[in-house]
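# Tertiary structure, described
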Amino acid sequence: MAALISDTAPWKDLKAHVGEIDKTHLRDLMSDTERCSSMMLEFDGIFLDYSRQRATVDTVSKLFTLAEEAHLKQKINSMFNGEHINSTENRSVLHVALRAAKDTTINSDGKNVVPDVWQVLDKIREFSDTVRNGSWVGATGKALTNVIAIGIGGSFLGPLFVHTALQTDPEASKSAGGRQLRFLANVDPVDVARNISGLNPETTLVVVVSKTFTTAETMLNARTLREWISSALGPQAVSKHMVAVSTNLKLVEKFGIDPNNAFAFWDWVGGRYSVCSAVGVLPLSLQYGFSVVEKFLKGARSIDQHFHSAPFENNIPVLLGLLSVWNVSFLGYPARAILPYTQALEKLAPHIQQVSMESNGKGVSIDGVRLPYEAGEIDFGEPGTNGQHSFYQLIHQGRVIPCDFIGIVKSQQPVYLRDEVVNNHDELMSNFFAQPDALAYGKTPEQLQSENVASHLVPHKTFTGNRPSISLLLPSLDAYRIGQLLAIYEHRIAVEGFVWGINSFDQWGVELGKSLASQVRKQLHASRKKGESVEGFNFSTTKLLTRYLEASADVPSEPTTLLPKI
Ligand SMILES: O=P(O)(O)OC[C@H]1O[C@H](O)[C@H](O)[C@@H](O)[C@@H]1O
């Protein structure tokens, strides 16, 4: 059994090194120009500045030694070579193959998977073209201009993030003209109501997205929208109005979707890493056209190649991953704020929450040994400047939360007003540049005194500073850049997991709640249909369930169909 990384000399060396760092303040570290310039790098237009990390050049070199001890390079290679690094599910982890060039060879179980990937991509290109140009029509002969993508978790968050980011990109928005893409994720009937509101089934295509095709929420939502279509247009309309994305094509067919209208992916694609498969590519191509989505894939590919081949000193995902490990495991900062200074990245944090927290929220090593250290980060975030008016108070004067500042050089939608001091994007970006310094430098009592601040207010107005962040500057935010950003986060999170020695690619922690929910589902059925009393639950749950059932006794117990009317 492999030793835990925390038992190794490089880990212990870093633990001891924390004392050194505790003697420093970012105010001083930032005045060392040589240090700062060594903490900036650029790859394919993306500029990373990590000089506001509580780290010295020495810290970074110790992190590289830790990476070597963790066999980081070998683990990255094993991933790209299709080895079964997801050992608890005995699977390869090959989301990089989803965006590989056509002539690449990437093997899983001795078979090159790239031709299969491109077969599906070509099928998506063709299908989305026929829907978009009106040659594929609905049951009543009308073009399908609206798409509802049903899916949850990894079959939802990545596509939603990319859709939200593309919506205001001039090229993408032009090619989406007259079309709508909506996402139905929650099993809450309110989400059904929101999604169908204002849509006509005659002009709507439903894409059911589920890796397993067994996820309770998605399948109930799929049956609900099947009913919405067939009650309006007749059951034969389903084949024209419903298509699917899944690894389980048998269940797709059983559901009643024509297998010709099913888009495959494979068990070596983890749900939260699936946005570059048909999961994201199909709905996004329907909305924006395949050529826009292909640029997104190319952006991700650029980072894949960089991650695979760049030396660690110049490797953006590796550096970010190692710095995260430093912040979590050595400096003791469990959280991370994702702060994009663009509204277009509004859904980045929710997506990264799943990629990061489902990947690295583990309690045991890949060999099943309970970890004596915490793995995983608590991720949250909001676009700037909105977050500044919400939770930044805590970040500036309360807890220390390492921050990712993400800025864009050229706005997707510039606004210039004649008499303003700066244009609107410069106004936004003024904050992007100011906040990291406010966090790093803070404000001392001496500074406040020299400003004649009343002495009783000095403690309240003091900022301790020394709060770490990274700044990522992107030249623009188009499909290609969105792909790069996605891949940077995906690989950074893998790096963290590789160093912590965990399996970042399984998610057993989501199972227990699901199985308890099925016990509750059975009880609700028995109580509603046969009047059975609540049994087999603890006192608290029995009380809550009984109260719920009693207070909703007017729910129909006979078979009946009722869809939201909004
Ligand atoms: O795509 P599906 O099979 O429907 O799965 C949807 C989601 O369900 C699960 O709960 C997993 O935790 C997620 O990783 C997954 O993305």
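Provided above is the structure to which this section pertains.
Everything quoted here is computed from the prediction, not taken from an experiment.

Turning next to the site of the ligand. The ligand sits among 13 residues. The nearest are Ser155, Ser210, Thr212, Thr215 and Glu358. Here serine 155 contributes a side-chain N or O atom positioned 2.6 Å from an oxygen atom of the ligand. Within the side chain of serine 210, an N or O atom sits 2.6 Å from an oxygen atom of the ligand. Expressed as a share of its isolated accessible area of 390 Å², the protein-covered part of the ligand is 87%. For the shell around the ligand, the class distribution of residues is 2 nonpolar, 8 polar and 3 charged.

Okay, the sheet that holds strand E8 (residues 242-246) next. Read across the sheet, 5 strands follow the order E6-E5-E7-E8-E9 without closing on themselves; strand pairing throughout is parallel. The open sheet has two free edges, formed respectively by strand E6 (180-184) and strand E9 (262-264), since each of these has just one partner strand. Strand-to-strand twist across the sheet, computed as the mean angle between neighbouring axes with direction ignored, equals 20°. As judged from the 4 bridges shared by strand E7 (residues 204-209) and E8, these two strands associate in the parallel manner. Opposite valine 209, over in E8, you have valine 245 as the bridge partner. Taken strand by strand, helix H9 (residues 189-196) contacts strand E5 (146-150) and E6, and its axis lies near 175° from that of E6.

A cluster of like negative charges, contributed by Asp419, Glu420, Asp426 and Glu427, occupies part of the molecular surface. Relative to the elements of secondary structure, glutamate 420 occurs in the loop between strand E12 (403-408) and helix H18 (424-441). Judged by relative accessible area, which is 48%, glutamate 420 ranks as partly exposed.

Here we come to the sheet that holds strand E1 (residues 40-43). Taken in spatial order, the 6 strands of this open sheet run E1-E2-E13-E12-E10-E11, and their pairing is mixed. Of all strands in the sheet, those with a lone pairing partner are E1 and strand E11 (378-381), marking the two edges. Across the sheet, the mean angle from the axis of one strand to that of its neighbour is 15°, orientation sign disregarded. Note that strand E10 (residues 335-340) and E11 share 4 bridges and pair parallel. Opposite alanine 335, over in E11, you have isoleucine 378 as the bridge partner. Contacts from H18 reach E12 and strand E13 (469-474), with the element oriented near 155° to E12.

Side-chain pairing between opposite charges can occur once the charged atoms of the two side chains come close. Within the structure shown, the criterion is met by 22 salt bridges. The residue lysine 23 makes a salt bridge to glutamate 20 at a minimum N-O spacing of 3.3 Å. Overall, glutamate 20 belongs to the partly exposed group, its relative accessible area being 45%. For glutamate 171, the salt bridge goes to lysine 295, with nearest N and O atoms at 2.7 Å. One end of the pair, glutamate 171, is in helix H8 (residues 170-175); the other, lysine 295, is in helix H14 (residues 290-309), and 124 residues separate them in sequence. Glutamate 171 sits in the partly exposed class, given a relative accessible area of 38%. Lysine 295 sits in the partly exposed class, given a relative accessible area of 35%. It is possible to trace a salt-bridge network through shared partners that takes in Arg336, Glu377, Asp379 and Glu496.

As a further point, take the pairing of E8. Side-chain positions along a regular strand alternate between the two faces of the sheet. With respect to burial, E8 is a largely interior element, 5 of its 5 residues being buried. Side chains Met242, Ala244 and Ser246 project from E8 onto one buried face, and the interleaved Val243 and Val245 project onto a second face that is buried too. Sheet analysis places E8 next to E9, joined by 3 bridges and oriented parallel. Along E9, the bridge assignment pairs alanine 244 with alanine 262. As for the winding sense of the linkage, the β-α-β connection from E8 through helix H12 (residues 249-255) to E9 is right-handed.

Quick notes on the rules
- Residues numbered from 1 in each chain as written.
- Predicted model: local features only at pLDDT ≥ 70, side-chain atom pairs only at ≥ 80, totals over all residues.
- Heavy atoms only, no water.
- Near = heavy atom within 4 Å.
- Polar contact = N/O pair within 3.5 Å; in protein donor to acceptor, adjacent residues only side chain to side chain.
- Areas by Shrake-Rupley, 256 points an atom, 1.4 Å probe, with all protein chains shown as cover.
- Nonpolar A, V, L, I, M, F, W, Y, C, P; charged D, E, K, R; others polar.
- Pairing = 2+ DSSP bridges.
- Helix = DSSP H or I, 4+ residues; strand = E, 2+ residues; numbered from the N terminus.
- Axes fitted to C-alpha atoms, helices over the stretch in contact; angles between N-to-C directions.
- Contact = heavy atoms within 4.5 Å.
- Patch = residues over 30% accessible without salt bridge, like charges linked within 9 Å, V, L, I, M, F, W, Y side chains within 5 Å.
- Salt bridge = Lys/Arg side-chain N within 4 Å of Asp/Glu carboxyl O.
- Lys, Arg positive; Asp, Glu negative; His and termini not counted.
- Charge placed at Lys NZ, Arg CZ, Asp CG, Glu CD.
- Buried < 20%, exposed > 50% of the residue type's maximum accessible area, 1.4 Å probe, protein only.
- Right-handed = clockwise from strand over helix to strand, strands pointing away.

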